[in-house]
Amino acid sequence: TSGDAKVSNIAQISIYVTAVNDAPIVTVSNSETINEDSSIVFENTNAITLGDIDIINSNQMLDLTLSVENGKLELAQNSGLTILEGNDNSSKIKVQGNLSNLQNAIDGLKYTSNQDYNGTDALIVKLNDNGNTGESGILESEQTINITINAVNDAPVFTSQVDNVVEGVIIN
């Protein structure tokens, strides 16, 4: 009862919230430009960042896939990672690790264009959460960094050649 002699009933209810899996997040720069036969390192202002708000346990494993068509990729480090596909220092690599180890691997990721290649390339970054938390199953985030590779005027190369010619013989 309250001070005004009215009776109040108190009820208790339970509310259950079912966790829903949210997609991981990949943040990248839109584009990069380099000269032929050179490299770019993804760090500081052009860093690639990974995130997943569903991470409850720091040991939850995620998959990271990096691929390009006209160059090679070199991870900054591979501690705590399992290589699932491809190789480090190649055009495609898929690794598995916790979010911290994956982020460390791409903080300083190095892209090198193929020798004498100029034109365009695209670095595709995919982060897969393996359905670690909540309903909705496996979710993936994909971002693309467009890379322009400028042509460089290569210095001409002269190779010394010595031929013997016999008088009266026709050379074709």
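Reading the values: rules and limits
- Residues numbered from 1 in each chain as written.
- Predicted model: local features only at pLDDT ≥ 70, side-chain atom pairs only at ≥ 80, totals over all residues.
- Heavy atoms only, no water.
- Buried < 20%, exposed > 50% of the residue type's maximum accessible area, 1.4 Å probe, protein only.
- Helix = DSSP H or I, 4+ residues; strand = E, 2+ residues; numbered from the N terminus.
- Pairing = 2+ DSSP bridges.
- Contact = heavy atoms within 4.5 Å.
- Axes fitted to C-alpha atoms, helices over the stretch in contact; angles between N-to-C directions.
- Patch = residues over 30% accessible without salt bridge, like charges linked within 9 Å, V, L, I, M, F, W, Y side chains within 5 Å.
- Areas by Shrake-Rupley, 256 points an atom, 1.4 Å probe, with all protein chains shown as cover.
- Salt bridge = Lys/Arg side-chain N within 4 Å of Asp/Glu carboxyl O.

(A) Focus on the pairing of strand β9 (residues 109–113). When you tally the buried positions in β9, you get four out of five residues, the bulk of the element. Summarising the sheet, strand β3 (residues 39–42) and β9 pair through four bridges and their orientation is antiparallel. Its bridge partner being in β9, serine 39 is matched across the sheet by threonine 112. Summarising the sheet, strand β6 (residues 71–74) and β9 pair through four bridges and their orientation is antiparallel. Paired with lysine 72 across the strands is threonine 112, a residue of β9.

(B) Local environment of the side chain of serine 141. Relative to the helices and strands, serine 141 is located in strand β11 (residues 140–150). Dropping the residues within four chain positions of it, serine 141 is found in contact with Pro24, Ile25, Val26, Val125, Lys126 and Leu127.

(C) Looking closely at the sheet that holds β11. Strands sit in the order β2-β11-β10-β5-β8-β7 across an open sheet of six strands; the sheet is mixed. With one partner strand each, in any of the chains shown, β2 (31–35) and β7 (82–86) form the two edges of the open sheet. Looking at each pair of strands side by side, their axes are set apart by 20° on average, direction ignored. With five bridges joining them, strand β5 (residues 62–67) and strand β10 (residues 119–128) adopt antiparallel strand pairing. The residue bridging serine 67 from the neighbouring strand is isoleucine 124, located in β10. Most of the contacts of helix α1 (residues 99–106) go to β5, to which it runs at about 20°, and overall it touches β5, β8 (92–97) and β10.

(D) Spatial organisation of a nonpolar patch on the surface. Among the surface-exposed residues, Ile13, Ile15 and Val17 lie close enough to one another that they form a single nonpolar patch of about 410 Å² accessible area. Relative to the assigned elements, isoleucine 15 resides in the segment before β1 (25–27).

(E) Examining the pattern of salt bridges more closely. Overall, the coordinates contain three salt bridges when judged by the stated rule. When the shortest N-O distance is used, the salt bridge between lysine 92 and glutamate 85 registers 3.6 Å. As a salt-bridge pair, lysine 94 and glutamate 85 come within 3.9 Å of each other at their nearest N and O atoms. Look at lysine 94 and you get partly exposed, because its relative accessible area is 22%. Look at glutamate 85 and you get partly exposed, because its relative accessible area is 36%. The network of salt bridges with common partners includes Glu85, Lys92 and Lys94.

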